[in-house]
Amino acid sequence: YKLKSSYIIIDFFISIYDTFVFDRKNFKEGGLAAKILKKIDIITLLTADKVISDTKEHGKYFIEEFGLDINKLEVLYLKADTRIYNPCQQTKKPEKIRNKFVVLYFGSVLPLQGIECVLEALEILSKEKDIYFYMIGPISKKYNKPYSNNIEYIDWLTQDKLADYISFSDLCLAGHFNNEINKAKRTIPGKAYIYHHMGKPMILGDNKANREIFDESMEGIFLAEMGNPNELANKIKEIKSLKDIKHE
């Protein structure tokens, strides 16, 4: 119930309908549970006086799918936690990889992140002796993980330790890389803000949401077709070559 004197602002970065039906696929589209979740989202948006979305593309989806009044919409992009992720942080590479081109990926392994695409790209590059990969996150056995001397898996790190790893990496993989879940095309991955704030080169999925802020005219920004492990692998090699040229 809304009081006449109240003004409701909703941070609507996540639709429960979209998340549980299309992203995580917990419920079938058109089923009773899906209809209930959609109704909850619709009521939530109707109740609000102002709705904050994380990207223009996400806001567009809320307008088209749930009937959000465009005049209620405001876009507020995320930011990195500057208390943890410091652009001045200079952590040295571990001795064993001192002369390697270090590529880092971290994530919670949600479906939209496209971990399968990343793992396939690693398989393609598993014999590249000059490239070393850190894969940070709870990647379960259900995924086809390539194993090689140039790939290291880490299940979990504290944020402070993660910042160290990002600091000494040469390239970071931001994503999203899943090309089948539409939400992946409407959102900017949170890790992209961290990498950008720390001044790290990164590869993003090529979609309209990422292009709201990032494009390849910006230093250290690279885009790759979502769901294409071959292009991702080639992009990694291309960026390594660019760095090699700078050091000649």
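In the block above lies the structure referred to throughout.
All of the points below concern the structure found in this document.

What counts, and where the lines are drawn
- Residues numbered from 1 in each chain as written.
- Predicted model: local features only at pLDDT ≥ 70, side-chain atom pairs only at ≥ 80, totals over all residues.
- Heavy atoms only, no water.
- Axes fitted to C-alpha atoms, helices over the stretch in contact; angles between N-to-C directions.
- Helix = DSSP H or I, 4+ residues; strand = E, 2+ residues; numbered from the N terminus.
- Parallel < 35°, antiparallel > 145°, perpendicular 65-115°, else oblique.
- Contact = heavy atoms within 4.5 Å.
- Buried < 20%, exposed > 50% of the residue type's maximum accessible area, 1.4 Å probe, protein only.
- Pairing = 2+ DSSP bridges.
- Phe/Tyr/Trp six-rings, centres within 6.5 Å; stacked < 30°, edge-to-face > 60°.

## Describing the packing of helix α2 (residues 32-47) against helix α3 (residues 56-66)
(1) Moving on: Close contact between α2 and α3 brings their axes to 11 Å; oriented N to C, the two are set at 110°. Here α3 runs roughly perpendicular to α2, going by the angle between their axes. Residues Lys38, Asp41, Ile42 and Leu45 of α2 pack against Phe62, Glu65 and Phe66 of α3.

## A short note on the pairing of strand β9 (residues 221-224)
(1) Moving on: Across the two faces of β9 the burial is the same, with Ile221 and Leu223 and Phe222 and Ala224 all buried.
(2) Moving on: Relative to β9, strand β8 (residues 202-205) runs parallel, the two sharing four bridges. Bridged to isoleucine 203 within β9 is phenylalanine 222.

## Remarks on the sheet that holds strand β4 (residues 101-106)
(1) Moving on: As summarised here, the arrangement of the six strands in space is β6-β5-β4-β7-β8-β9, forming an open sheet in which the pairing is parallel. Looking at strand neighbours, the two that pair on one side only are β6 (151-154) and β9, the edges of this open sheet. Adjacent strand axes in the sheet meet at a mean angle of 20°, parallel and antiparallel pairs treated alike.
(2) Moving on: Where strand β7 (residues 171-175) meets β8, three bridges bridge the pair, whose relative direction is parallel. Each residue of the ladder has a partner; that of cysteine 172, found in β8, is methionine 202.
(3) Moving on: Seen against the sheet, helix α4 (residues 115-124) touches β4, β5 (131-136), β6 and β7 and runs at an angle of roughly 155° to β5.
(4) Moving on: Strand contacts of helix α5 (residues 159-168): β4, β5, β6 and β7, with the helix running at about 145° to β4, the strand carrying the most contacts.

## Describing the packing of aromatic side chains
(1) Moving on: The tally for this structure, following the rule as stated, stands at 13 aromatic pairs.
(2) Moving on: Geometrically, the ring pair formed by tyrosine 165 and phenylalanine 168 is tilted, given 5.1 Å between the ring centres and 45° between the ring planes. Placement of both tyrosine 165 and phenylalanine 168 in helix α5 is noted, with a separation of three residues, approximately one turn of the helix. Like tyrosine 165, the residue phenylalanine 168 is buried in the burial classification.
(3) Moving on: Cluster of aromatic residues (ring-pair linked, three or more members): Phe12, Tyr17, Phe22, Tyr61, Phe62 and Phe66.

## What about unusual backbone geometry?
(1) Moving on: Cis geometry marks the peptide bond from glycine 175 to histidine 176; its omega dihedral reads -10°.
(2) Moving on: Mapped onto the secondary structure, histidine 176 falls in the loop between β7 and α6 (183-186).
(3) Moving on: For lysine 25, which is not glycine, the phi torsion reads 55° and is therefore positive.
(4) Moving on: The topology assignment puts lysine 25 in the loop between α1 (16-23) and α2.
(5) Moving on: Phi is positive for valine 109, which is not a glycine, with a value near 65°.

## Observations concerning the environment of isoleucine 124
(1) Moving on: Among the structural elements, isoleucine 124 can be located in helix α4.
(2) Moving on: Take isoleucine 124: its relative accessible area is 42%, and that puts it in the partly exposed class.
(3) Moving on: Between the C-alpha atoms of isoleucine 124 and arginine 211, which are 87 residues apart in sequence, the distance is 27 Å.
(4) Moving on: Those residues in contact with isoleucine 124 that sit more than four places away from it in its chain are Pro229, Asn230 and Ala233.

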